[in-house]
Amino acid sequence: MKAFTFLAPEALDEAVALLDRHGRDARPIAGGQSLLLAMKDRIARPSVLVSLAGLADLRGWRYSPSGELEIGAATTYAALISAQFGGWHGEISAVAADLADRPVRTMGTIGGALCQADPRFDMPALAVGLGASVDTASAGGARTIPAAELFAASGGTVLGPGEILTTVRFPTLGAFSGVAFEKFRQRVFDAAVVSAVCGLRLDADARVADARIVLGAVAQAPVIAQRTGRQMTGRTLTEHDIAELGAAAMEEVLPVSQAMSSFHRYQRELVGVLVRRAITRALDQARS
Ligand SMILES: Cc1cc2nc3c(=O)[nH]c(=O)nc-3n(C[C@H](O)[C@H](O)[C@H](O)COP(=O)(O)OP(=O)(O)OC[C@H]3O[C@@H](n4cnc5c(N)ncnc54)[C@H](O)[C@@H]3O)c2cc1C
């Protein structure tokens, strides 16, 4: 690992100023679970690390007056698990509880996972699936970015150098809503081979008023299966419909081609299974 200077600011504006001053040589570090591995492998070679661990504003969570759940970017998975969020926000705690191993859950943060933007990680797909947005701060000012626009199609994020993700905002979905995250991995501590998220809302006649299906790990960024989501709206879904929607998502996200590798064929089958499971569970939640 290349030698580096470790800076530990205690306020957000100090962290922003340090990143600005050191330019491209500097990187923010949160739990270090991805960045330190990349540095050990010399994939990342920053000479300055600006720690976000001491920034109280970036830790913890609260509900805004409008019911939005605002989570500080440096909040660890362990804190998300013990938060035991109510209603459909509980899916965030459940996802955090079921990833990686205890050391990663103790140190890793929601913001770090979003900024690392590995498509196999759980939080990027979940944030897009739940219609989250993120706040950022940099020397150029503050901005809010919908999670669906945070990830670049070719990989990584659209954040600029020195831009710090400060807050992740999950909207409130209201009554008759449901969300479900499903994933398949080879071993319990592996990242997902495919993940699927379904968020939906029913109208007073139990028909789907709106729905979103998102797939993780099938491309460099989370993929919104727009056609499949549209196909769900206005319908009272039966088991048969859900099976058809799984097949529709397979076709939309990973259409069969002659050049398709066996791994992608395997992922394509998983898309069908996981989308069916996610829709079924989200529907159960919305109907209960
Ligand atoms: C053994 C192992 C197993 C894992 N399994 C899973 C799994 O099953 N599912 C899963 O989803 N993930 C898994 N992970 C990944 C884990 O979720 C991430 O490593 C972790 O969440 C990253 O968070 P961090 O706080 O450690 O980020 P860091 O490693 O500190 O940072 C990661 C990147 O994000 C940048 N960054 C961090 N925070 C911010 C911020 N607030 N603003 C701007 N940039 C920032 C850093 O500069 C760096 O580029 C696994 C990791 C390991 C090591």
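See above for the structure.
Residues numbered from 1 in each chain as written. Predicted model: local features only at pLDDT ≥ 70, side-chain atom pairs only at ≥ 80, totals over all residues. Heavy atoms only, no water.

**What about the overall build of the protein?**
Each helix and strand counted, the protein has 11 helices and 12 strands in total. Against the globule reference of 19 Å for 288 residues, the protein gives a C-alpha radius of gyration of 19 Å, in line with a compact fold. Along the first, second and third principal axes, the C-alpha atoms of the protein reach 60 × 50 × 35 Å. Taken over 288 residues, the protein has a buried fraction of 47%. Sequence separation of 24 or more characterises 60% of the internal contacts of the protein that already satisfy a separation of 6 or more. Of the roughly 13400 Å² that the protein leaves accessible, carbon and sulfur atoms contribute 52%. Distance between charge centroids for the protein: 5 Å, based on 29 positive and 29 negative side chains. (Helix = DSSP H or I, 4+ residues; strand = E, 2+ residues; numbered from the N terminus. Rg over C-alpha atoms; globule rule 2.2 N^0.38 Å. Buried < 20%, exposed > 50% of the residue type's maximum accessible area, 1.4 Å probe, protein only. Contact = heavy atoms within 4.5 Å. Areas by Shrake-Rupley, 256 points an atom, 1.4 Å probe, with all protein chains shown as cover. Lys, Arg positive; Asp, Glu negative; His and termini not counted. Charge placed at Lys NZ, Arg CZ, Asp CG, Glu CD.)

**Focus: the site of the ligand**
The immediate surroundings of the ligand are formed by 30 residues, with Pro28, Ser34, Tyr77, Thr109 and Asp122 found nearest. In this structure, glycine 32 approaches the ligand through a main-chain N or O atom, which is 2.8 Å from an oxygen atom. For the ligand, the accessible surface in isolation is 970 Å², of which the surrounding protein chains cover 90%. Of all the elements in the fold, those that place two or more residues in the shell around the ligand are strand 2 (26–29), helix 2 (35–40), helix 6 (110–116) and strand 8 (164–170). Counting residues per element, the shell around the ligand draws most heavily on helix 6, which supplies four residues. Classifying every residue of the shell around the ligand by side-chain character gives 18 nonpolar, eight polar and four charged. (Near = heavy atom within 4 Å. Polar contact = N/O pair within 3.5 Å; in protein donor to acceptor, adjacent residues only side chain to side chain. Nonpolar A, V, L, I, M, F, W, Y, C, P; charged D, E, K, R; others polar.)

**Thoughts on unusual backbone geometry**
Unusually for a residue other than glycine, arginine 42 sits at a positive phi of about 60 degrees. Topologically, arginine 42 is positioned in the loop between helix 2 and strand 3 (48–51). Backbone geometry places alanine 117, a non-glycine residue, at a positive phi of 55 degrees. You can see alanine 117 is positioned in the loop between helix 6 and helix 7 (122–129).

**What about the sheet that holds strand 1 (residues 5–7)?**
Taken together, three strands build an open sheet; the order of strands is 1-3-2 and the sheet is parallel. Of all strands in the sheet, those bounded by a partner on one side alone are strand 1 and strand 2. Here the strands of the sheet are splayed against their neighbours by 25 degrees on average, with no regard to which way each runs. Both strand 2 and strand 3 contribute to a ladder of four bridges, which runs parallel. Directly across from proline 28, in strand 3, lies its bridge partner valine 50. (Pairing = 2+ DSSP bridges. Axes fitted to C-alpha atoms, helices over the stretch in contact; angles between N-to-C directions.)

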